[in-house]
Amino acid sequence: MRRSTFLSAATGLVVGALSLTACGGSDSSSNPLTGDSASAGSGGTVVVGSANFPESSLLGEIYAQALEAKGIKVTRKFDIGAREVYYDQVVKGGIDVIPEYNGALLAVAVDKNSTATNTTEVNAELKAKLPSSVEILDSASAEDKDSITVTAATAAKYNLTSLADLKPVASKLTVGGGSEFKTRTQGLVGLKKIYGVEFGKFQPLDAGAQSTLVDLLKKDKVQAANLYTTDPSIVADKLVVLKDPKFLFAAQNVTPLVYKSAINDTAKAALNAISAKLTTEDLLEMMKKLVNDKEDSSEVAKAWLKDAGLVS
């Protein structure tokens, strides 16, 4: 399911990289932590890390710049690898701050048997079950999660704003997604069980074929698609993400995971201020700049922090 595997966004660059959020990882020879001790963050320096995909590195840069704006010395250790690589480093203090996705953190690293779905439930379990050396700070409203997405034309034709609106019309439509979407609870099985939605046809694609799926959607070969909510195509092609009020897809809020003893109140306040401002729409716009417009991540981060009023 998405909350535990956390697959890629749509474009070629992001497809290869985002699949590493929970289940993949880079070779240890390229791991920025190789040879480091677990004493990082000493001497007043905060070590900000990221997983090895563009969105995580961007979020890490946002965190780093916000901390630096408060006079905190920062060491960047980005593109570390998958959660299986970096999580243990945070627990041991090798990394002091890393951007996380709360649902995936819970299901992959903390409690694989969790059935929590919404933000409140997920965060409550994390706070109860995380090792004592670490904690989560405030979650942003921003999420990167599964969705059912349609074109603006399809949304207008069938008056679609939420997954519930699909029930009377889904039999006329074809939905596309990875082949596994057919049998997953956070897929067609859950759509039928939770919303009573049964599509007329399912068009399976190989895992990672999100760019093909977007093309099929735009050409009306499929009328609905399982896309991820920070896919740059959503902004570029003015696609409509259908709301999910019953949480078919578990919460995946961007949430700072921190090593407690390395983070003072000033740092916590700076990171929580980011979460208070960061939206999914912000992530979409920033990922479009990174992936489609090829802008530099440090400049994208700087611009967002300025626009949010968090740095001067």
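A short tour of the structure in this document, coming up. The model shown is predicted, which means the values in this text are computed figures rather than measured ones.

Here we take up unusual backbone geometry. Located in the positive-phi region is Asp79, a residue other than glycine, with phi close to 60 degrees. Counting through the fold element by element, Asp79 comes out in the loop between strand S2 (73-77) and helix H4 (83-92). Residue classification places Asp79 among the partly exposed residues on the basis of a relative accessible area of 39%. A positive phi angle, near 65 degrees, is found at Asp220, a position not held by glycine. Position of Asp220 relative to the elements: it lies in the loop between helix H9 (210-218) and strand S8 (224-228).

Axes are the key here: two packed helices are described by the angle between their axes and the distance separating the axes. Between helix H12 (residues 280-292) and helix H13 (residues 297-307), whose axes approach to 10 Å, the crossing angle comes to 150 degrees. Relative to H13, the element H12 lies roughly antiparallel. As for the relative orientation of H12 and H13, their crossing is right-handed in sense. Between H12 and H13, the residues in contact are Asp282, Met286, Lys289 and Leu290 and Ser297, Val300 and Trp304, respectively.

Counting along an α-helix, one turn takes 3.6 residues, and residues three or four places apart therefore face a common direction. Along H4, the residues that are buried comprise Arg83, Tyr86, Tyr87, Val90 and Val91. End-on view of H4: buried residues confined to an arc of 140 degrees, all on one side of the axis. Looking at the buried positions of H4, the neighbouring elements they touch are strand S3 (97-101), helix H5 (102-110), strand S4 (134-136) and strand S10 (254-259). Immediately beyond the C-terminal end of H4, within one or two residues, lies Gly93, with a positive phi of roughly 90 degrees.

We now examine the pairing of strand S7 (residues 201-205). Across five bridges, strand S6 (residues 174-178) lies against S7 in parallel orientation. Within S7, the position partnered with Val175 by the bridge is Phe202. For the crossover that starts at S6, traverses helix H8 (residues 185-195) and ends in the parallel S7, the hand is right-handed.

This structure, assessed with the given rule, holds 12 salt bridges. Of the charged contacts, one joins Arg83 and Glu100 as a salt bridge, the two residues approaching to 2.8 Å between their closest N and O atoms. Of this pair, Arg83 sits in helix H4 while Glu100 sits in strand S3, and the two are 17 residues apart along the sequence. A relative accessible area of 1% places Arg83 in the buried class. Overlapping salt bridges, with partners in common, bring together Glu61, Glu68 and Arg76 in one network.

Two pairing modes exist for strands in a sheet, parallel and antiparallel, and in both the strands are linked by backbone hydrogen bonds. Here we have five strands laid out as an open sheet, ordered S7-S6-S8-S5-S9, and mixed in their pairing. The strands lining the two open edges of the sheet, one partner per strand, are S7 and strand S9 (240-241). Its contacts with the sheet put H9 on strand S5 (146-150), S6, S7 and S8, and the angle it makes with S8 is roughly 145 degrees.

With that out of the way, let us pick up helix H6 (residues 119-129). Those residues of H6 that sit buried are Val122, Asn123 and Leu126. Looking down the long axis of H6, one finds its buried residues gathered within 90 degrees of arc, a one-sided arrangement. Pointing more than 90 degrees away from the buried face of H6 are the exposed residues Thr120 and Ala128. Where the residues of H6 are buried, they touch H5 and S4. Of the residues that open H6, the one with a side-chain oxygen 3.2 Å from the backbone nitrogen of Thr120 is Asn118.

Inspection of the secondary structure assignment puts Asp96 in the loop between H4 and S3. Among buried Asp, Glu, Lys and Arg side chains, Asp96 stands out as unpaired, with Lys77 the closest opposite charge at 9.9 Å. At a separation of 2.8 Å, a polar atom in the side chain of Asp96 contacts the main-chain amide nitrogen of Val47.

Cut-offs used in this document
Residues numbered from 1 in each chain as written. Predicted model: local features only at pLDDT ≥ 70, side-chain atom pairs only at ≥ 80, totals over all residues. Heavy atoms only, no water. Helix = DSSP H or I, 4+ residues; strand = E, 2+ residues; numbered from the N terminus. Buried < 20%, exposed > 50% of the residue type's maximum accessible area, 1.4 Å probe, protein only. Axes fitted to C-alpha atoms, helices over the stretch in contact; angles between N-to-C directions. Parallel < 35°, antiparallel > 145°, perpendicular 65-115°, else oblique. Left-handed = near helix turned anticlockwise from the far one by under 90°. Contact = heavy atoms within 4.5 Å. Arc of directions from axis to C-beta. Pairing = 2+ DSSP bridges. Right-handed = clockwise from strand over helix to strand, strands pointing away. Salt bridge = Lys/Arg side-chain N within 4 Å of Asp/Glu carboxyl O. Polar contact = N/O pair within 3.5 Å; in protein donor to acceptor, adjacent residues only side chain to side chain. Lys, Arg positive; Asp, Glu negative; His and termini not counted.

Interpretation note: all reported values are geometric properties and have no functional meaning in isolation.
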